[in-house]
Structures are given as C-alpha cells and as structure tokens.
Amino acid sequence: HLDGWQLTDATGRGFTIESSLVVPAGGLAVLAASDVASINGNLPSVDLAYDYDHFILSSTDDDQLVLWMGDEVIDEVAYSNLPPWPSAPGRSTFLRWTTPDADANDLAESWCLTSAEVAFEYGGEGWGNHGTPGTPNPAGDEDEDGDGLSVCDGDCNDSEAGIGPGALEVCG
C-alpha cells in the first residue's frame with residue numbers, strides 16, 4: 001500500500017501518491033507522467049499517472065530518485081547518463097537480479113541496459129522504446145544465446161549468438 005509515499009528528484013521536486021496503490025509482495029507497478037499512450041512513450045498500461053510538470057527523471061544529465069515515507073528516506077539512487085552508467089537512446093535501464101538491495105542499487109555496475117531485441121520493444125514497431133514496463137526485468141547476467149556475453153555485458157540481442165558486440169555484419 002503506497003498511499004502517502006513520495007518520489008522526488010535531485011531538485012526536491014516530486015509528488016505524493018495520494019491514492020490507494022497496492023503492490024503485492026513480488027508485484028509490480030508502472031508509474032508514468034500520463035496514462036495517455038501518445039504522451040507516455042506508448043506504455044501498454046499505467047497503474048498511476050503523476051503530475052509531469054513537477055517531476056521529471058532526466059536521462060540527459062545527472063539525477064537522483066528518492067523514495068520517501070513521511071520524513072523517512074526509504075531508498076535513493078543517484079545516476080547519470082555518462083559512463084560508467086549504462087545509457088542509450090530509447091532503452092531503459094534495469095537493476096540486476098543479483099543486486100536487489102538498497103546499497104547495491106547505488107552502484108552503476110548494478111544496472112544494465114534493456115536489450116534492443118524486438119521482444120523488449122513496447123508500443124509497437126517504430127516507437128524505439130525498449131524496456132519491460134509492467135513485467136519482470138530480464139535476468140541480465142545470464143547468457144541466453146551462448147556467445148559468452150549477457151545483456152549486462154552489452155549483448156544487444158541475447159537470443160541470437162551471431163548478433164552482439166564485435167559480431168561481423170552479414171549483408172544479405
């Protein structure tokens with residue numbers, strides 16, 4: 001039950017969840033600036049729409065996400081789109097399954113880029129948004145195609161061994 005919880009950015013701007021948003025143990029919730037698909041990057045569904053004018057998580061600079069309950073900070077993560085943080089246009093980041101705690105999520109190496117595979121493209125072909133809104137994140141550390149690289153190692157397509165960093169381009 002997240003009623004009364006607050007999310008803020010590096011400037012202290014943010015919002016308070018003022019509805020009875022219940023996330024069961026092991027569950028997920030999608031928060032977005034709008035529940036209108038053409039505004040929110042074509043998310044398939046939104047559990048809570050917040051006031052976009054007062055809260056922006058930037059991917060173009062350093063920023064911070066802070067989760068509060070009353071005056072108590074529950075967790076905070078400062079991040080950047082500069083190395084060593086993973087960043088690429090149209091691709092979200094996700095926390096590795098092996099580091100799901102409040103200390104490890106502060107480290108750049110705990111985060112991975114979502115694969116650019118079609119399986120992770122939401123909103124329809126051509127939107128260019130890759131992520132896992134409303135569904136569990138990929139494992140990240142597993143090498144699904146046996147090429148020696150995982151999604152977290154930079155494999156942009158972990159379902160085909162011939163596609164990834166350093167692979168030869170095949171023209172057809």
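Note: the structure precedes this text.
My aim in this report is to walk through the structure given alongside it, one point at a time. (Residues numbered from 1 in each chain as written. Predicted model: local features only at pLDDT ≥ 70, side-chain atom pairs only at ≥ 80, totals over all residues. Heavy atoms only, no water.)

### Section: the side chain of N105
Defined as follows: Runs of E in the DSSP output that reach at least two residues are strands. Runs of H or I that reach at least four are helices, and both are numbered from the N terminus. Under the rule applied, a polar contact is a pair of N or O atoms within 3.5 Å (in protein, one hydrogen donor and one hydrogen acceptor; residues adjacent in sequence only if both atoms are side-chain atoms). Contacts are assigned to residue pairs with any non-hydrogen atoms lying within 4.5 Å of each other.
Topologically, N105 is positioned in the loop between β7 (93-95) and β8 (111-113). At 2.5 Å, the side chain of N105 forms a polar contact with the side chain of D75. Each residue touching N105, except ones within four places of it in the same chain, is listed here: D75, E76, V77, W85, L95, T99, S110 and W111.

### Quick word on the pairing of strand β5 (residues 63-69)
Stated formally: The pairing criterion is simple: DSSP has to find at least two bridges between the two strands.
Where strand β1 (residues 5-8) meets β5, four bridges bridge the pair, whose relative direction is antiparallel. Across the sheet, the residue bridging to W5 is M69, located in β5. One ladder, built from seven bridges, connects β5 with strand β6 (residues 72-79); its direction is antiparallel. Note that in β6 the partner of V66 across the bridge is E76. Counting the residues in the hairpin turn of β5 and β6 gives two residues, including G70, whose phi is positive at 65 degrees.

### Looking at the pattern of salt bridges
So the rule is basically this: By convention in these notes, a salt bridge is any Lys or Arg side-chain nitrogen within 4 Å of a carboxyl oxygen on Asp or Glu. Relative accessible area decides the class of each residue, using a 1.4 Å probe on protein chains only: under 20% of the type maximum gives buried, over 50% gives exposed, and in between gives partly exposed.
Applying the stated criterion across every chain yields a total of one salt bridge. The salt bridge involving D9 is made with R13; its shortest N-O contact spans 3.5 Å. Taking relative accessible area as the criterion, D9 reaches 4% and is therefore assigned buried.

### A look at the sheet that holds β1
As a reminder, the rule being used: Helix axes use the C-alpha atoms of the stretch in contact, all axes being lines fitted to C-alpha atoms, and the angles between their N-to-C directions lie in the range 0 to 180 degrees.
Spatially, four strands are ordered β2-β1-β5-β6 in an open sheet, and the strand pairing comes out antiparallel. Each of the sheet's edge strands pairs with one partner strand only, and the pair in question is β2 (14-16) and β6. Taken pair by pair, the neighbouring strands of this sheet meet at an average axis angle of 10 degrees, ignoring direction.

By themselves, these observations are geometric and do not establish any function.
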